[in-house]
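A closer look at the structure
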Amino acid sequence: MELSTQFPVLLFSYGTLQDKAVQLANFGRELVGQHDAMLGYAQSWVEITDPEVLATSGKTHHPIVAPTEEQAASVEGMVFQINEQELAAADAYEVSDYKRVSVALASGLTAWVYVQA
């Protein structure tokens, strides 16, 4: 996938933002992405209680990541090209357990990702 200037924002997802239903509900379109990974992070789970997020994802527990000292730690996912408006929609979708940070991915790309707050 070639990176386009039409969508200047990169968003890495390891969880529900990869789901077609979640993408359609939040962005009004299905996102096209490429496989990538976050290094130095480990994944666990968080219980979701927000009714809108539960309705959109259909899942009571979502994955969440946090930095780790474990040398071989990585979290697999997809990197998507989105615009600023879609990034704002992603911010609105994520519950308060998450915060958005910029990370370097295994591919060398830098993308926004939601990690444990």
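Residues numbered from 1 in each chain as written. Predicted model: local features only at pLDDT ≥ 70, side-chain atom pairs only at ≥ 80, totals over all residues. Heavy atoms only, no water.

The name an unreviewed UniProt entry assigns to the protein chain is UDP-N-acetylmuramate--alanine ligase, from the organism Pseudomonas fluorescens.

Its location among the elements puts Ser-57 in helix H2 (residues 51-57). Of the residues examined, Ser-57 reaches a relative accessible area of 12% and is grouped as buried. A distance of 3.1 Å separates a polar atom in the side chain of Ser-57 from the backbone nitrogen of Lys-59. (Helix = DSSP H or I, 4+ residues; strand = E, 2+ residues; numbered from the N terminus. Buried < 20%, exposed > 50% of the residue type's maximum accessible area, 1.4 Å probe, protein only. Polar contact = N/O pair within 3.5 Å; in protein donor to acceptor, adjacent residues only side chain to side chain.)

Our next topic: the packing of helix H1 (residues 20-27) against helix H3 (residues 84-93). The contact between H1 and H3 brings their axes to 9 Å, and the two run at 115 degrees. Here H3 runs roughly perpendicular to H1, going by the angle between their axes. When you trace H1 past H3, the crossing you get is right-handed. Residues Val-22, Asn-26 and Phe-27 of H1 pack against Glu-86, Ala-89, Ala-90 and Tyr-93 of H3. When the residues that make up the contact of H1 with H3 are grouped by side-chain class, the tally is 5 nonpolar, 1 polar and 1 charged. (Axes fitted to C-alpha atoms, helices over the stretch in contact; angles between N-to-C directions. Parallel < 35°, antiparallel > 145°, perpendicular 65-115°, else oblique. Left-handed = near helix turned anticlockwise from the far one by under 90°. Contact = heavy atoms within 4.5 Å. Nonpolar A, V, L, I, M, F, W, Y, C, P; charged D, E, K, R; others polar.)

Taken as a whole, H3 has its buried residues at Glu-86, Leu-87, Ala-89, Ala-90 and Tyr-93. Looking straight down H3, one finds that the buried residues subtend no more than 160 degrees of arc, so they occupy a single side. Turned more than 90 degrees from where H3 packs its buried face, Glu-84, Gln-85 and Ala-92 sit exposed. The opening residue of H3 is Asn-83, an N-cap whose side-chain oxygen sits 3.0 Å from the backbone nitrogen of Gln-85. (Arc of directions from axis to C-beta.)

Moving on, we get to the pattern of salt bridges. Counted according to the given criterion, the structure contains 4 salt bridges. Residue Lys-59 pairs with Asp-19 through a salt bridge whose shortest N-O separation is 2.9 Å. Here Asp-19 lies in the loop between strand S1 (9-13) and H1 and Lys-59 lies in the loop between H2 and strand S4 (61-67), a separation of 40 residues in the sequence. Residue Asp-19 is classed as partly exposed on the basis of its relative accessible area of 24%. For Arg-100, the salt bridge identified is with Asp-91, shortest N-O distance 2.8 Å. Using a relative accessible area of 32% as the deciding quantity, one classes Asp-91 as partly exposed. (Salt bridge = Lys/Arg side-chain N within 4 Å of Asp/Glu carboxyl O.)

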